[in-house]
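Notes for the structure review
Each chain, written out:
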Amino acid sequence: MKIVTCIKQVKDLDMVLAKDWIVNEESKDVDIEYVNTIINTYDENALEMALRISDDNDIQTIALTVGDESCDRILKKALQVKVSGAIRVNYNNKLTYNPIGAAKLIKNSVEKIEDVKIVMCGRQSSEGDIGQTGLIISEMLGWPCVTLVSDIEFKDGEFYVTHQVDEGVETLNIEPPFVLTVTQSADKFLRMATIRDILQAKKKQIKVWDTKDLNINEDIEKLREFELEQIYIEKQVNKCSYIEGSTAEEKVHKLYEQLIKKGVIKEKK
Amino acid sequence: MNKEMVIEGLGKILNKEQILTQEAVLQEYSTDITGLRMAQKHFGWKSDSLATCILKIRSKEEVVKVIKFLNDEKIVVIPRTGGSGVCLGLETPSESVVLDLSEMNEILEINEENLTVRVQGGVPLEVLEETMNKRGYTTGHFPQSLPLAQMGGLVATRSIGQLSTKYGGIEDLLVGIEGVLPDGELVLIKNSPRKSTGPDLRHIWLGSEGTMGVITEVTVKIFKLREEKWMQAYTIDSFQKGLQIIKQIVQDGWNPAVARLHDRTEAAESYSHFVQKGESILLFLSEGPKGYAKLEGEAIDTIAKESGAKAIGSKPLEIWLEHRNDICDHLDMYAKQGLVADTCEISAMWSDIGNIYKEVLERASKEVPKLIAMSGHSSHSYKQGTNIYFMMGAVPEQSIEGAEKTYNQLFSIIMETTLKYGGSICHHHGVGRYRTKWIKEELGTSYTMLEKIKKAMDPNEIMNMGVLLPMDKA
């Protein structure tokens, strides 16, 4: 059995300097060329979850990305943490606002790889925050989709998937095939490669497929249903007031009164 | 005296709410943020040696009374402020008493004529710096622990800031100091620009790590904020060449506030857009009165370029300035992955530092089976030498003991190599309890001086025993 984990190369937005959040009105973009590229954080969580299942079971994890040659960097990282295979769908256009196009490329890749029973991807990427690709993949494959997954376990031949719901979290016992969109959880940091792992990964190959290999004849660009109208920087207004008081009790009481006054909490009857 | 009697005795000096005895609190205060414990906590480590109580101290008078009581009863005392120690210096021996001075946090006097500020030991450095900035001044002290550290602890650990090449370490910034000796006597070393009145007694406090008494107040220098800055980053094809560039800059008499050299691993990790494979990165920042930064910057630029460095603009500096203390927000990030990770800073003369760096990296890659990284940067330079701040990580056997074994292996490589080349085993983190196993070799024949000073200052052996001097001989 194989798990395909979809990973996307994005810019590390945490690294962008506060003063550099300036929108170029013409290109509708922000110049963040100088920051490092990383694996989209939710995708990293998905990859780690998949690897943990592979660690203890006869299940292979395949890392898949879509993009140009520069995206090999994240696949090399995936190989360093010992995925069974790494595939790049060679596609040079930006897919940020084209989730149907991205899903089409992924769906056909999944079908080309044999014996795939699970597709995992991050809930959304930090670039567009669209959050649709995973759901569209499941629709195209005709597989069920569980969203906002924070954990997956494989026990006695069965999968248990924990995900967030309005009321809290819920664990489902589901049969493959299925698609999961993964959210963050405190203990799913992607493992780090040792120097030995890095050296060994250099010997491994990345498979590169293009649209022809995937039997796609249609123009992926034409699947785009979104056009970016505008981006803008939301102005943050921070207001801070200090609560004075000679004791902690007095301060807490004043805070309590303030919160009631502002309607944040209701007074206890 | 049993625990109940100790608490009862302290209850006659302090209010009840100042004496904390809840197990969760004692557990929290039982250690500091040393990488070893972070990793071990991931595998379930808990201290089995808890203090009797934590005292929330509010005044120097309380310190005097409490210390007198504890000295009479021969109870070990752990003074503590921000808790950002990284060498196990704050670990609590069982039945010890922790003096938490973080509520002594008043800025007492800002003297704009003498450019000094007098503060209580628990004033957070970040608050002090912000307060000074509003008045047009800076403390000139920017350790990575800035978001956590407090003034008493900074003096007690011989802290240093990221702009030290210009402003110096805390030893250069400390003007006067007040503290309580182990017998409960309150002593003050008055402010003075410089004097010749015997040994500089401030140095008993500087780096004392709680072993010589409790620091209650410090007076430190402040500096006029400078608007004029010059910033430039360079790439260089070898770390050793980078060291030579910094050496020439400081030996020619320049003191750029920031003079950093990050090796190829760190350069690729943090500045991948700017560096080619294998390159190290140099970061320089100059600041000063009108005209100074430009003048110094031009000199640095000439030296760097003549030595083969390539200018790559100021952006890497800007990134570093904005993100330099981010680690404080996610200290346990590596531990959560079951890894051992920490930093270790050493110093050596220019003639030896390059060899230490090279050999540490070679040994680590040969000897540590699951090494993730061993990298280094030079960040505090002097005319005679510099420091290397090693950053290390490895996958240990997944247990409390396994984490300790791997941690010890990584640390020992750095300590042994440093001592082999005559370097010093701590540049600015202090000795704590962890590095005492190398302190005799570090101090050589001068070790006896430290022993004798400690014995004279603290005959009842109550002040943070096990720190600086290993327990067996202390």
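Now for a quick tour of the structure.

Reading the values: the criteria
- Residues numbered from 1 in each chain as written.
- Chains lettered and ligands numbered in written order.
- Predicted model: local features only at pLDDT ≥ 70, side-chain atom pairs only at ≥ 80, totals over all residues.
- Heavy atoms only, no water.
- Helix = DSSP H or I, 4+ residues; strand = E, 2+ residues; numbered from the N terminus.
- Buried < 20%, exposed > 50% of the residue type's maximum accessible area, 1.4 Å probe, protein only.
- Contact = heavy atoms within 4.5 Å.
- Areas by Shrake-Rupley, 256 points an atom, 1.4 Å probe, with all protein chains shown as cover.
- Lys, Arg positive; Asp, Glu negative; His and termini not counted.
- Charge placed at Lys NZ, Arg CZ, Asp CG, Glu CD.
- Buried area = accessible area lost by both parts, 1.4 Å probe.
- Salt bridge = Lys/Arg side-chain N within 4 Å of Asp/Glu carboxyl O.
- Nonpolar A, V, L, I, M, F, W, Y, C, P; charged D, E, K, R; others polar.
- Axes fitted to C-alpha atoms, helices over the stretch in contact; angles between N-to-C directions.
- Parallel < 35°, antiparallel > 145°, perpendicular 65-115°, else oblique.
- Left-handed = near helix turned anticlockwise from the far one by under 90°.
- Pairing = 2+ DSSP bridges.
- Disulfide = S-S within 2.5 Å.
- Arc of directions from axis to C-beta.
- Polar contact = N/O pair within 3.5 Å; in protein donor to acceptor, adjacent residues only side chain to side chain.

A word on the overall build of chain B
- Looking only at helices and strands, chain B features 17 helices and 18 strands.
- Along the longest, intermediate and shortest principal axes, the C-alpha atoms of chain B span 70 × 60 × 40 Å.
- In chain B, which comprises 474 residues, the share counted as buried stands at 58%.
- Sequence separation of at least 24 residues holds for 73% of the intrachain contacts in chain B that already meet a minimum separation of 6.
- Of the roughly 20,000 Å² of accessible surface on chain B, a fraction of 49% belongs to carbon and sulfur atoms.
- Of the side-chain charges in chain B, 53 are positive and 64 negative, and the distance between the mean point of each set is 3 Å.

Remarks on the overall build of chain A
- Secondary structure summary: chain A contains six helices and 13 strands in total.
- For chain A, the spread of C-alpha atoms along the three principal axes comes to 70 × 55 × 40 Å.
- Within chain A, the proportion of its 269 residues that are buried is 42%.
- Across chain A, contacts joining residues at least 24 apart in sequence account for 72% of those joining residues at least 6 apart.
- Put simply, chain A shows about 16,100 Å² of open surface, and 46% of that area lies on carbon and sulfur atoms.
- Here chain A contributes 37 positively and 47 negatively charged side chains, and the mean placements of these two sets differ by 3 Å.

Describing the interface of chain A and chain B
- The interface is formed by 20 residues belonging to chain A together with 23 residues belonging to chain B.
- Roughly 1,700 Å² of surface becomes buried between chain A and chain B when both sides are summed, with 59% attributable to carbon and sulfur atoms.
- Inspection of the chain A/chain B interface yields two salt bridges.
- A salt bridge links K19 of chain A to E318 of chain B; its shortest N-O distance comes to 2.9 Å.
- Residue composition of the side of chain A that touches chain B, grouped by class: eleven nonpolar, two polar and seven charged.

Thoughts on the pattern of salt bridges
Residue and element names in this part refer to chain B.
- In this structure the tally under the stated criterion is 38 salt bridges over all chains.
- Measuring nitrogen to oxygen at the nearest pair gives 2.9 Å for the salt bridge that ties D100 to K56. Here K56 lies in strand β2 (residues 53-56) and D100 lies in strand β4 (residues 97-100), a separation of 44 residues in the sequence. Considered together, D100 and K56 belong to a single accessibility category, that of buried residues.
- A salt bridge links R118 to E217; the nearest nitrogen and oxygen atoms lie 2.8 Å apart. Of this pair, R118 sits in strand β6 (residues 116-120) while E217 sits in strand β10 (residues 214-221), placing them 99 residues apart in sequence.
- Residue class for R118 comes out partly exposed when judged on its relative accessible area of 27%.
- Overall, the relative accessible area of 8% leaves E217 in the buried class.
- Sharing partners across several salt bridges, the network here consists of K60, E109, R118, E178 and E217.

Re the packing of helix α1 (residues 3-11) of chain B against helix α4 (residues 60-72) of chain B
Residues and elements named next belong to chain B.
- Between α1 and α4, the least distance of the axes is 10 Å, while the angle of their chain directions is 150°. Classed by the angle they form, the pair α1 and α4 counts as roughly antiparallel. The element α1 and its partner α4 pack so that their crossing is right-handed. Two secondary-structure elements touch here, α1 through V6, G9 and L10 and α4 through V66, F69 and L70.
- Counted by class, the contact of α1 with α4 contains five nonpolar, one polar and no charged residues.

A closer look at the sheet that holds strand β1 (residues 19-20) of chain B
Residue and element names in this part refer to chain B.
- The mixed open sheet is built from four strands, whose spatial order is β1-β2-β4-β3. Pairing within the sheet leaves two strands with one partner each, and these edge strands are β1 and β3 (77-80).
- The pairing of β1 with β2 spans two bridges and is antiparallel. Of the residues in β2, the one forming a bridge with L20 is I54.

Looking at the state of the cysteines
- As enumerated under the stated definition, the model contains zero disulfides over all chains in all.
- Considering cysteine sulfurs only, C426 of chain B is the nearest to C87 of chain B, which forms no disulfide, with 6.3 Å between them.

Quick look at α1 of chain B
Residue and element names in this part refer to chain B.
- Every buried residue of α1 is accounted for by V6, G9 and L10. Burial along α1 is one-sided: seen end-on, the buried residues are contained in an arc of 95°. Residues of α1 that are exposed and point over 90 degrees away from its buried face: E4 and E8.
- For α1, the elements touching its buried residues are β1, β2, α4 and β4.
- A side-chain oxygen of the first residue of α1 lies 3.2 Å from the backbone nitrogen of E4; this N-cap is N2.

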